[in-house]
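# Commentary on secondary and tertiary structure
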Amino acid sequence: NAGVTQTPKFRVLKTGQSMTLLCAQDMNHEYMYWYRQDPGMGLRLIHYSVGEGTTAKGEVPDGYNVSRLKKQNFLLGLESAAPSQTSVYFCASSRPVAGGNNEQFFGPGTRLTVL
Amino acid sequence: AQKITQTQPGMFVQEKEAVTLDCTYDTSDPSYGLFWYKQPSSGEMIFLIYQGSYDQQNATEGRYSLNFQKARKSANLVISASQLGDSAMYFCAMRGITSGTYKYIFGTGTRLKVLA
């Protein structure tokens, strides 16, 4: 099993450009998440999904859109990139577990730079 | 609102000694889960240990243990017999259970350096 994979691993954009980050998981997990990690701020939740066809906003959703058309894929879109979106983006997935120990499995991250 | 606080930006520990990384939390959810993750310099996030709020015993996983003090709302990670490979960033996280929220809240992390 590949676990959680992210495409691309690195990307440089110019301000105003758009792009889509792809997250794929092969563990049949219901829940999927997009985070951004900035120095000194830990991981902040952008958007998440509790199942195919459903998405919800996290802590810092502005400037991002997401889609979950297939259970195994979770896409993060930047319509008009801004330098403030320079960050490392992590995708994660988890499954419902009775008792709550539903650890998240993380992808390797995507390093995005917006010039 | 949920909140996780890690007050130690950086810690040093001598190899083979034990170290405690602090984590305090705030939540109105009567049932919740607490997680610790490790992020080495290579960048991946590695799950270490989980503690449920109604678990009677503190969680342990090998050299990792969680010092859970519910009344004080703290969930400190204890690493025994530190190894050079333990040098990494460590994140505490929480998820509410009763509320049905599927969101996780992370702390800002503690960078641990193990000295030879």
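Computed from a prediction, not measured in an experiment: that's the story for all the values here.

### Here we look at the interface of chain A and chain B
When the parts of a complex come together, some accessible area is lost, and that lost area is often taken as the interface size. Tallying the contact residues gives 21 residues for chain A and 16 residues for chain B. Of the roughly 1,700 Å² buried at the junction of chain A and chain B (both faces included), carbon and sulfur atoms supply 60%. At the surface where chain A touches chain B, the tally comes to zero salt bridges. Applying the counting criterion to the chain A and chain B interface returns three residue pairs in polar contact (both at pLDDT 80 or more). Every element with two or more residues in the side of chain A that touches chain B is listed here: β4 (31-37), β5 (43-51) and β9 (87-94) of chain A. Along the lines of polarity and charge, the residues of the side of chain A that touches chain B split into ten nonpolar, nine polar and two charged.

### So, the pairing of strand β1 (residues 4-7) of chain A
All names here are of chain A. Covered by surrounding structure in β1 are V4 and Q6 only, the residues T5 and T7 on the alternate face being uncovered. Of the pairings in the sheet, the one linking β1 to strand β3 (residues 19-25) comprises four bridges and is antiparallel in character. Residue pairing in the sheet places T7 in a bridge with L22 of β3.

### Some thoughts on the side chain of B:N76
Residues and elements named next belong to chain B. Note that N76 resides in strand β9 (residues 74-79). Polar contacts involving the side chain of N76 include one to the main-chain amide nitrogen of C23, which spans 2.9 Å. In this structure, N76 is in contact with T20, L21, D22, C23, W36, S65, L66 and N67, ignoring residues within four places of it in sequence.

### Comments concerning the packing of aromatic side chains
Overall, the coordinates contain 17 aromatic pairs over all chains when judged by the stated rule. On the basis of an interplanar angle of 85° and a centroid distance of 5.4 Å, the ring pair of A:Y33 and B:Y104 is categorised as edge-to-face. Of the two residues, A:Y33 is situated in strand β4 and B:Y104 in strand β11 (residues 104-106); the pairing between them involves two chains. Under the relative-accessibility criterion, A:Y33 is labelled buried at 0%. Taking relative accessible area as the criterion, B:Y104 reaches 1% and is therefore assigned buried. Ring geometry for B:F35 versus B:Y37: centroids 6.4 Å apart, planes at 25°, classification stacked. Residue B:F35 is classed as buried on the basis of its relative accessible area of 0%. Taken together through their ring pairs, the aromatic side chains of A:Y33, A:Y35, A:Y48, A:F90, A:F106, B:F35, B:Y37, B:F47, B:Y50, B:Y104 and B:F106 make up a single cluster. Lying across the ring of B:Y54, B:K70 places its NZ or CZ 4.1 Å from the centre.

Conventions used here
Residues numbered from 1 in each chain as written. Chains lettered and ligands numbered in written order. Predicted model: local features only at pLDDT ≥ 70, side-chain atom pairs only at ≥ 80, totals over all residues. Heavy atoms only, no water. Contact = heavy atoms within 4.5 Å. Buried area = accessible area lost by both parts, 1.4 Å probe. Salt bridge = Lys/Arg side-chain N within 4 Å of Asp/Glu carboxyl O. Polar contact = N/O pair within 3.5 Å; in protein donor to acceptor, adjacent residues only side chain to side chain. Helix = DSSP H or I, 4+ residues; strand = E, 2+ residues; numbered from the N terminus. Nonpolar A, V, L, I, M, F, W, Y, C, P; charged D, E, K, R; others polar. Buried < 20%, exposed > 50% of the residue type's maximum accessible area, 1.4 Å probe, protein only. Pairing = 2+ DSSP bridges. Phe/Tyr/Trp six-rings, centres within 6.5 Å; stacked < 30°, edge-to-face > 60°. Lys NZ or Arg CZ within 6 Å of the ring centre and 35° of its normal.

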